Amino acid sequence: MYRSGSYTRRPARSCCGGGGRSIVQVNIDGIAFGIMGLREIFEQLYIMRRRPEPAVGSELLEMVRAMKNYIPRGKEAIFQAALLREYAMYYAREEVA
C-alpha cells in the first residue's frame, strides 16, 4: 500500500468479484471512497493519450461505473470533478517519469 496525493492504492481483496483490480481511495466531498479499478482506468486513458481536460470527466465517470462502482444519485458532478482531479495528478506524475 502507498499514499500519493489524496489517494491510497491497495490490491483488491473483494468478496464481490474484484478480479484483482486495484482499489484506490479517493477523497470525494470530504469522504474517502474506495474506487475499484481506478488505477487501471487511469493507465488506459494515459495510453490513449487522453489529457485531463473537462471533456474526459464524463468518460471517467462512465468508466468507473462500468467497473461496478457505486456513484450516489445527485453526486455525479462531485464524483466527476474528483476523478478528473485524481487523473490530472496521475497524468502529471506519468509525464515527469
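Everything in this summary refers to the structure shown in the same document. Note that the structure is predicted; figures quoted are calculated from it, not measured.

Parameters at a glance
Residues numbered from 1 in each chain as written. Predicted model: local features only at pLDDT ≥ 70, side-chain atom pairs only at ≥ 80, totals over all residues. Heavy atoms only, no water. Helix = DSSP H or I, 4+ residues; strand = E, 2+ residues; numbered from the N terminus. Buried < 20%, exposed > 50% of the residue type's maximum accessible area, 1.4 Å probe, protein only. Contact = heavy atoms within 4.5 Å. Areas by Shrake-Rupley, 256 points an atom, 1.4 Å probe, with all protein chains shown as cover. Core = buried A, V, L, I, M, F, W, Y, C linked by side-chain atoms within 4.5 Å. Pairing = 2+ DSSP bridges. Phe/Tyr/Trp six-rings, centres within 6.5 Å; stacked < 30°, edge-to-face > 60°.

**Some details on the overall build of the protein**
No. 1: In terms of regular secondary structure, the protein is built from three helices and four strands.
No. 2: When the elements of the protein are put in sequence order from the N terminus, they spell out β-β-β-β-α-α-α.
No. 3: Counting every position in the protein, which comprises 97 residues, the buried fraction comes to 37%.
No. 4: Considering only contacts within the protein whose residues lie at least 6 apart along the sequence, 44% involve residues at least 24 apart.
No. 5: Working note: accessible area of the protein is about 5800 Å², and carbon and sulfur atoms make up 54% of it.

**Details of unusual backbone geometry**
Note on backbone geometry: most residues besides glycine have negative phi, and most peptide bonds are trans.
No. 1: You will see that D29, though not glycine, has its phi angle at about 55°, which is positive.
No. 2: Its location among the elements puts D29 in the loop between strand 3 (22–28) and strand 4 (31–36).
No. 3: The class of D29 is exposed, set by a relative accessible area of 53%.
No. 4: Phi at K68 takes a positive value of approximately 70°, unusual for a residue other than glycine.
No. 5: Summarising the element assignment, K68 is placed in the loop between helix 2 (54–66) and helix 3 (76–96).

**A few points about the nonpolar core**
No. 1: Formed by 23 residues in total, the largest nonpolar core has its most connected members in V26, L38, I41, L45, L60, V64 and Y87.
No. 2: Listed by contribution, the elements that provide at least two residues to this core are strand 3, helix 1 (38–47), helix 2 and helix 3.
No. 3: Per element, the largest residue contribution to this core is seven residues, and it comes from helix 3.

**Re the pairing of strand 3**
No. 1: Going residue by residue along strand 3, you find S22, V24, V26 and I28 tucked away on one face and I23, Q25 and N27 left uncovered on the opposite face.
No. 2: As paired elements, strand 3 and strand 4 share six bridges and run antiparallel to each other. Looking across to strand 4, one finds that I23 is bridged to M36.
No. 3: In sequence, strand 3 turns back onto strand 4 through a hairpin of two residues, with D29 there showing a positive phi of about 55°.

**A short note on the packing of aromatic side chains**
No. 1: For the structure shown, the criterion picks out seven aromatic pairs.
No. 2: With centroids separated by 5.3 Å and ring planes inclined at 45°, the aromatic side chains of F42 and Y87 adopt a geometry described as tilted. Linking F42 in helix 1 with Y87 in helix 3, this pair joins segments that are 45 residues apart in sequence. Of the two residues examined, F42 and Y87, each falls in the buried class.
No. 3: Judged by centre distance (5.3 Å) and plane angle (70°), the rings of Y46 and Y91 are edge-to-face. With Y46 in helix 1 and Y91 in helix 3, the pair connects residues that are 45 residues apart, well separated along the chain. Comparing Y46 with Y91 shows no difference in burial state: the two are buried.

Such coordinate-based values are descriptive only and should not be taken to indicate function.
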